[in-house]
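A structural walkthrough
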Amino acid sequence: MKKIYNLLFLSAVCIHLFTGKAAAQCPGGYTQAQLNWDNLDYYFNSAAASPYVSYISDAREMSQKIGIGTTWLTIATSSNALVTTTENATHTGDLAGYTGEDVRYNPTVNGQTITITFNTPVLNAAFTLYDIDLAAVITVTAADPLAAPLVVNAVTQPGTILTVAGAPGKVISDLTNAGAGTALGNASNLGSATITVAGTALNPVKTITITCTTIGTDPVFWLSDIDACVTGSYPTSWHQGYNNQPFQGSTQNEPDYFLVTPDNNSCYMMDPATGRCWWLFTDASKTYMNSFAYDPENKFLYYISENVALDVNNKTLKKYDFNTETISTVIADIGTTLGIPTFNSGVESAAGAFYNGKLYLGVEGGQSTTFIRESMIWCVDLATNTAYHVFSTPSYDGTGIIHDWADILVKNGEIINYNSARRGANYSYSSYTHFNLMTGAATRYNNPSSTTKFSGQAGLNWSGTMYMIYDSVWVYSAGTISSRQQIVVQSVPGDPAPPAWAGTAGDGSDPFRPKSDFGDAPATYDPIAVSPAVHERSEAIRLGATWTKEWLKTGVTGNNDSDDGTSYLNFLPQGSGNYLAHTYVTNNFGSNATLIAWLDYNGNGVFDASEACAAQTVPTGTNNVLYWLYWPSFTTPLLNGQTTYMRVRITAATGAMTSAHATGYFTNGEVEDYPIRVDNYPLSVSNLSFNAAVVNNSFAKLDWSCVEQPGFSGYEIQKSTDGSNWNYTGITGSNGQTGEQHYEFTDYNLAYGTTYYRLKMVGVNGAGKFSETRSVRRLKPEETVSVRPNPVRTIANVSILANSRTNAEIVLLTETGKQLYFYKLAVNSGYNNLSIPVKANWTPGVYLLRVFMNNETITKKIIIGQ
């Protein structure tokens, strides 16, 4: 089963399974492809001896979807009696280009049909029909997408017993030649006819129908491999797209990760260069996770959940959404929804990969003492819920196992099949097969040793390097494995202890780049796309209360950043002067951290090393402590009303960050960017105070005090979501008095995220000056409550973030709504913590934590593990 794995210690024996004929000429926009039966399965259930009799319905047998190049075709039969055996190599009188296994048909009455329908129309469709003899007559017709007939050509062999007639279709008859009624042996090709349907760009080939006009006294004939010119081709370097390239830095580079699971129900990301793994999430619903396939465009991990004992009824495809960090069922039954036959393993103990926007899902053929059943790979288009068969291989040879899935990869239009089959201590049956999805060609690398483990799980990183994973990780290439690294699970300071690596590898997957924190100043401040200011995975080292998690740099127009280390900013004085700012810092990493800020006072759109303030050391154990950032003297060419930017970064001291590192990758920490307005006449001269705060996480309260002089008109309140683009929010007129005056303003239209406020002081002549900028952050409901660890085994630590003093009610429910826990909590402004012990009678599974606070209900899913 899947839990048996193999390693490589010796070089492989290379076996070429198929050598295709020279590609026919295809016009521009088309590529030669072949459907090769040597590496596919044409299943049937029309006989008691069928290996699929318990698993395949008549309807499924009579309409089978099979891949050919970049598209797929359907082979539909008019009767389930047409097929009484799967494809085989019994007919040996092959023609060049159509060798190997063929599909055997055995019509039972005149007029039965086999219809080939191309999902995407093709050109130059071609195949051979073998063994038409003993008074049989077969008619072949073809049509374009509008059902207009196309010309069919049929070529026979010298000395043939067949006669070809008719147009535009072709009638192939064993009736009129001198050898009519001849019985041919399986080694003969005298009863063969090669069919070609060229089509045109305006009238491509959509359908080809084979009609058994007269079945004669020996109805059996064979359908060879199928050639066609299909549209497009498979992309190379597909995994290098979708913004998942690892970032680079001057002192650290981001590891080139892929996703992996050991023999447990948790998902990790692995750095194969070092063997280190970081835990990401757990699905506690079952014992194992399997069949990993990561979609880098949508950030979904597709997978299977399974237990120790195989479940024939488990046909469920699941996914983890890294955007929302939630688990869901994609398809409850792939057999019903996708038409994928599953056997005595269901969807368990198989394999998965993701490539070119499609899911490639393996289904294990399962072992039988009676039948040779094949393990299959299906290409699944989840946008249309369409699946078609692209590869198969026998799983059993009648005496023992010959194929047991470790895993699969799909790279550059090629499936790489990791077969970990072994019989006891005999490893000679394990292998690697490279299957070309376009040409149908396959190369197999057999284990050269019967005593050495050979194959394990599969991993693919962004650079395109393939790996084999067992208790260690090896580089894999063309049947050989090298560069072993032992697997070690890494804990992250500030995070709960990760689940330990259990057993050996359970499954691997495709390239993965995790969410990170980016600077959001304009693009000029991060001129190298692969090396922006970016920090990965850190809650222990941060600026302010929160740490942003983004897939990409969102820029100044984005709303995902939570830059909350600095609550207010001074104006930058015009000409010469100094500048003072601040930030709140947390460091619980276990060692010192380095804090540096840059101020672009020369206005060139770049954070120069000379614009850095003095680096500061932040000791471990620092919690939300105020640090001052100071530039003692500078000269700026910027003018009143212009805007420049400040960047603040913190990372572990081991990262060796210096003033030269305003951009680039660091493995932990945080970066925050702030717009700074230039004004030589800051209102702080007459503006005694200006404050902004969120009340009950619902609206903003502004208050300010000013010393007013005669001739003053009032205040225009402006707000912004990015600190650069400002909108009118309200106006407050002057009290008409001189001296110190006090004002308040309430903004009831407060958006989620960070909002900036400023005051425009307006004179009676219309002239105005701006105050300092203040910012507030309204939390999204789901941001105010967090649970760690999740999954939880003993104690769930609940953290509630509030902007003001209020009351909260905490309720824990089962998924059916049964209340297990209730608590009333008086919360203060800031973080409030509560521990919920897991009781012994709470069974493992999914629970709902609901927090009622400020007239809002926040719901979090909690997984209670074993």
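Now for a quick tour of the structure. (Residues numbered from 1 in each chain as written. Predicted model: local features only at pLDDT ≥ 70, side-chain atom pairs only at ≥ 80, totals over all residues. Heavy atoms only, no water.)

Geometrically, the link from Ala 167 to Pro 168 is a cis peptide bond, its omega value of 0° lying close to zero. Relative to the elements of secondary structure, Pro 168 occurs in the loop between strand S9 (163-165) and strand S10 (170-173). Pro 789 follows Arg 788 through a cis peptide bond whose omega is -10°. Topologically, Pro 789 is positioned in the loop between strand S55 (785-788) and strand S56 (795-802). Even without being glycine, Ser 237 reaches a positive phi, approximately 60°. Locating Ser 237 in the fold gives a position in the loop between strand S14 (226-231) and strand S15 (258-262). (Helix = DSSP H or I, 4+ residues; strand = E, 2+ residues; numbered from the N terminus.)

Moving on, we come to the packing of aromatic side chains. Evaluation of the coordinates by the stated rule reveals 39 aromatic pairs. Each ring, one from Tyr 525 and one from Phe 607, has its centre 4.3 Å from the other, and the planes form 35°; the classification is tilted. Highlighted residues: Tyr 525 in the loop between strand S36 (516-518) and strand S37 (534-536) and Phe 607 in the loop between strand S41 (593-599) and strand S42 (616-618), separated in sequence by 82 residues. Of the two residues, Tyr 525 and Phe 607, both sit in the buried class. Ring geometry for Tyr 579 versus Trp 631: centroids 6.1 Å apart, planes at 55°, classification tilted. Here Tyr 579, found in strand S40 (residues 575-587), pairs with Trp 631, found in strand S43 (residues 622-636); they are 52 residues apart in sequence, far enough to count as distant. Taking relative accessible area as the criterion, Tyr 579 reaches 1% and is therefore assigned buried. We classify Trp 631 as buried; its relative accessible area is 3%. Taken together, the ring pairs in this structure connect Tyr 234, Trp 238, Phe 300, Tyr 302, Phe 354, Tyr 355 and Tyr 360 into an aromatic cluster. (Phe/Tyr/Trp six-rings, centres within 6.5 Å; stacked < 30°, edge-to-face > 60°. Buried < 20%, exposed > 50% of the residue type's maximum accessible area, 1.4 Å probe, protein only.)

What follows deals with the environment of Thr 654. With respect to the helices and strands, Thr 654 occurs in the loop between strand S44 (643-652) and strand S45 (665-666). Between the C-alpha atoms of Thr 654 and Ser 591, which are 63 residues apart in sequence, the distance is 8.6 Å.

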